[in-house]
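Analysis of the macromolecular model
This is what each chain is made of:
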Amino acid sequence: MQYPAYTVLMSLYAKERPEYLKESIDSMLAQTVPPTEIVMVKDGPLTDELEAVLLDYDSSHPKLFNFVSYAKNRGLGYALQQGAAAGHARLLQRDCRSHGHR
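Keep in mind it's a predicted model, so treat the numbers as computed, not measured.

**Notes on the packing of helix α1 (residues 18-29) against helix α2 (residues 48-60)**
Look at α1 against α2: their axes get within 9 Å of each other, and the N-to-C directions meet at 20 degrees. Put simply, α1 runs roughly parallel to α2. The chirality of how α1 crosses α2 is right-handed. Where α1 approaches α2, its residues P18, L21, K22, I25, D26 and L29 are matched on the opposing element by E49, L50, V53, L54 and Y57. Tallied by class, residues from the contact of α1 with α2 come to eight nonpolar, no polar and three charged.

The following block contains the structure:
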């Protein structure tokens, strides 16, 4: 069976905890049907720890991540709207954490 391509949309800002970011990304990668793309909106400057997490995942999953960055925090609504416009798949999933077999 062939499944349609889909994009996961995530917004991230400086107050997020790196361990929660890892948990969230890992849950997306563990899906029965993994995403074709993960659009990660950096809503303002991030901590070095968050940037390191993103660099690790981007290095281990080349071409999966599409980063959209803003110099200052614009808010969740704006970040998601801009991130959705940056996605390439027809289907869009916005999640913090996802359960497998979905």
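Having put the structure on the table, let's press on.
**Examining the pairing of strand β2 (residues 37-43)**
Sheet faces and side chains relate simply in a regular strand, where the side chains alternate between the two faces. When you tally the buried positions in β2, you get seven out of seven residues, the bulk of the element. Of the two faces of β2, the one lined by E37, V39, V41 and D43 and the one lined by I38, M40 and K42 are each fully buried. Relative to β2, strand β1 (residues 6-12) runs parallel, the two sharing six bridges. Its bridge partner being in β2, T7 is matched across the sheet by E37. In this fold, the crossover linking β1 to β2 by way of α1 has right-handed handedness. Where β2 meets strand β3 (residues 65-70), six bridges bridge the pair, whose relative direction is parallel. Within the sheet, the bridge partner assigned to I38 lies in β3 and is F65. You can see the chain leave β2, run along α2 and come back into β3, and the turn it takes is right-handed.

**Here we look at unusual backbone geometry**
One non-glycine residue, K63, lies in positive phi territory at about 75 degrees. Structurally, K63 can be placed in the loop between α2 and β3.

**Some words on the side chain of E37**
With respect to the element layout, E37 can be found in strand β2. With a relative accessible area of 8%, E37 lands in the buried category. For E37, the side chain forms a polar contact with the side chain of N66, separated by 3.3 Å. Among the polar contacts made by the side chain of E37, one reaches the side chain of H88 at a distance of 2.8 Å. Excluding residues within four positions of it along the chain, E37 makes contact with Y6, T7, V8, L64, N66, A86, G87, H88 and A89.

**Structural notes on the confidence of the model for the protein chain**
The predicted model of the protein chain averages 88 in pLDDT, with 88% of residues at 70 or higher. At the level of individual helices and strands, the protein chain shows its lowest average pLDDT in strand β4 (residues 91-94), which scores 62, and its highest in α2, which scores 98.

**Here's the deal with α2**
Look at α2: 18 Å from first C-alpha to last across 13 residues, which is about the 18 Å you get at 1.5 Å a residue. The set of residues buried in α2 consists of L50, V53, L54 and Y57. End-on, the buried residues of α2 take up no more than an arc of 95 degrees, which puts them together on one face. Looking at α2, the residues exposed on the side facing more than 90 degrees away from the buried face are D48, L55, D56 and S59. Looking at the buried residues of α2, the elements they touch are β1, α1, β2 and β3.

What counts as what
Along each chain, the written sequence defines residue order, and numbers are assigned to residues from 1. Where local features are concerned, this predicted model is filtered to residues with pLDDT of at least 70; where side-chain atom pairs are given and counted, the filter is 80 or more; whole-chain, interface and lining totals use all residues. Only hydrogens and water are set aside when side-chain values are computed; all heavy atoms of the structure are taken into account. Here the axes come from fitting lines to C-alpha atoms, over the contacting stretch only for helices, and the angles between their N-to-C directions go from 0 to 180 degrees. Counting from the N terminus, the helices are DSSP H or I runs at least four residues long and the strands are E runs at least two residues long. When an angle is under 35 degrees it counts as roughly parallel; over 145 it counts as roughly antiparallel; between 65 and 115 it counts as roughly perpendicular; any other value is oblique. By convention the crossing between two helices is left-handed if the near helix lies anticlockwise of the far one by an angle smaller than a right angle, and right-handed if it lies clockwise. In what follows, a contact means two residues having at least one pair of non-hydrogen atoms within 4.5 Å. In this classification, the charged set is Asp, Glu, Lys and Arg, the nonpolar set is Ala, Val, Leu, Ile, Met, Phe, Trp, Tyr, Cys and Pro, and all remaining amino acids, among them Gly, are polar. Exposed residues in this analysis have more than 50% of their type's maximum accessible area, buried residues have under 20%, and partly exposed residues fall in between, with area computed by a 1.4 Å probe over protein chains only. Note on pairing: DSSP must find at least two bridges between two strands before they are called paired. If the strands point away from the viewer and the path from the first strand over the helix to the second runs clockwise, then the crossover is right-handed. Each polar contact in these results corresponds to two N or O atoms within 3.5 Å; when the atoms are within protein, one needs to be able to donate a hydrogen and the other to accept it, and residues that are neighboring in sequence are counted only if both atoms are side-chain atoms. In predicted models, pLDDT denotes the confidence assigned by the predictor to each residue on a 0 to 100 scale. Given a helix with a known number of residues, its expected span is that number minus one, times 1.5 Å. Note that the arc is computed from the directions linking the helix axis to the C-beta atoms.

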